[in-house]
Amino acid sequence: MYHLKETALEFYPLGGILQEKSQRATQRKILMKKLGFPENVIIFSHSGKLSREKKTAELLRAFSVSAGDKMRLLIFGSMPEDQKEELTSLMENDSRVHFLGWKSGQDIMDILNATDVYLQPGSQSATSQTALCCGCAEVVAPTPSYREMYGNAVIYAGSQMELEEVFRQFSQGVLSVEDYQARGRKCAEE
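Definitions and limits used
- Here, residues in each chain are numbered from 1, in the same order as that chain's written sequence.
- Given that this is a predicted model, residues contribute local features only at a pLDDT of at least 70 and side-chain atom pairs are listed and counted only at 80 or more, while totals for whole chains, interfaces and linings are drawn from all residues.
- Here the side-chain values reflect all heavy atoms present in the structure, with hydrogen atoms and water set aside.
- For helices the rule is a DSSP run of H or I covering at least 4 residues; for strands it is a run of E covering at least 2, with both sets numbered from the N terminus onward.
- Here the radius of gyration uses the C-alpha set of atoms, whereas the globule reference equals 2.2 Å times the residue count to the power 0.38.
- For every residue, the accessible area obtained with a 1.4 Å probe (protein chains only) is divided by the maximum for its type, and the residue is called buried under 20%, exposed over 50%, and partly exposed between those limits.
- Note on contacts: a residue pair is in contact if any heavy atoms of the two residues lie within 4.5 Å.
- We get accessible surface area from the Shrake-Rupley algorithm with a probe of 1.4 Å; when it comes to residues, only the shown protein chains can shield them.
- We treat Lys and Arg as the positive residues and Asp and Glu as the negative residues; His and chain ends play no part in the count.
- Working definition for charges: the position is that of NZ of Lys, CZ of Arg, CG of Asp or CD of Glu.
- Here, expected helix span is obtained from the residue count minus one, scaled by 1.5 Å.
- Taking the helix axis as origin, the arc is that swept by the directions to the C-beta atoms.
- Here a pair means two rings of Phe, Tyr or Trp (six-membered ring of Trp) with centres within 6.5 Å. Their orientation is stacked below 30 degrees between planes, edge-to-face above 60, and tilted elsewhere.
- Two conditions define a charge sitting above a ring: the NZ of Lys or the CZ of Arg must be within 6 Å of the ring centre, and it must be within 35 degrees of the ring normal.

Engineer: Account for the overall build of the chain, with residues named and values stated.
Structural biologist: Scanning the chain for helices and strands turns up eight helices and six strands. Computed over its C-alpha atoms, the radius of gyration of the chain comes to 16 Å, within 12% of the 16 Å expected for a compact globule of 190 residues. Seen through its C-alpha atoms, the chain measures out along the principal axes to roughly 50 × 40 × 35 Å. In the chain, which comprises 190 residues, the share counted as buried stands at 48%. Pairs at least 24 apart in sequence give 67% of the contacts found in the chain among residues at least 6 apart. With an accessible surface of roughly 10,300 Å², the chain has 52% of that area assigned to carbon and sulfur atoms. Counting 22 positive and 25 negative side-chain charges, the chain places the averaged centre of each group 3 Å from the other.

Engineer: Lay out helix H3 (residues 81–92) in plain terms, naming residues and giving numbers.
Structural biologist: Between its terminal C-alpha atoms H3 stretches 17 Å, which fits the 16 Å expected from twelve residues at 1.5 Å a residue. Of all the positions in H3, only Gln83, Leu87 and Met91 are classed as buried. All buried residues of H3 lie within an arc of 55° about the axis, which places them on one face of the element. In H3, those exposed residues whose orientation departs by more than 90 degrees from the buried face are Glu85 and Glu92. Where H3 is buried, its residues contact helix H2 (56–66), strand E2 (71–78) and strand E3 (97–101).

Engineer: An account of the packing of aromatic side chains is needed here, citing residue identities and associated values.
Structural biologist: According to the stated counting rule, one finds five aromatic pairs in the structure shown. Each ring, one from Phe44 and one from Phe167, has its centre 5.2 Å from the other, and the planes form 80°; the classification is edge-to-face. One end of the pair, Phe44, is in strand E1 (residues 42–49); the other, Phe167, is in helix H7 (residues 160–172), and 123 residues separate them in sequence. The pair formed by Phe44 and Phe167 is uniform in burial state, with each residue classed as buried. Pairing Phe63 with Phe167 gives two aromatic rings, centres 5.2 Å apart and planes at 85°, and the pair type is edge-to-face. Here Phe63, found in helix H2, pairs with Phe167, found in helix H7; they are 104 residues apart in sequence, far enough to count as distant. Assigned by exposure class, Phe63 and Phe167 land together as buried. Over the aromatic face of Tyr156 sits the side chain of Arg147, whose NZ or CZ is 4.3 Å from the ring centroid.

If you want it as C-alpha cells, here you go:
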C-alpha cells in the first residue's frame, strides 16, 4: 500500500495474556454447569459484530449439517439488523447452538477460557489472538495475514463446505483438539 521495501517493515501482532490451564479448567466447569453441558462435549465459539463478512450464517449451516452430537457452539457479540432474522432462525433450529449476546472484555476471556475451538471463518478479529492466548484451537479464514501470523498452528477454512469438513474431521477424531490447542499455545508464546 505504501510502496515500502520489505526490509523497512516489521510485523507486530497484538499482544495477549497467556492463560493458565487452571484458569481454563475453572472457567470450563463454570460455563458447563451454567449451560448444562455434559462432560465430554467439544465447545466451539464464534464472536464479533456478526455482519455478513464474519460468515456466521455459513458457520451455522455447516455446524447444523456436519457437527457431531457431542459438539456445542457458543456465539457471542451483536447482530446487525440485516442479519438478525436469518441468524436467529439458524440458531433456534439447532439446540446445540447457544447465543450469549454481547459480552464484556472479562466475559469474553471467561468464555474463551472455556472454549476448545475458536472459529473465525470470515473477517479478521483481534479476538482470534486472544483465543490463542486462552489455549483454544482455532479455525480461521485463509487470509494472507492469518497465514503469516499463525502458520501451521491453526486450521484454515473460509467456506461453508470447508467448515463442514472441519466439523466432520473433529467429530471423527481425524483432527485433534489437543494437538491444535498445543500448536496454538506454542504460537501464542512465541
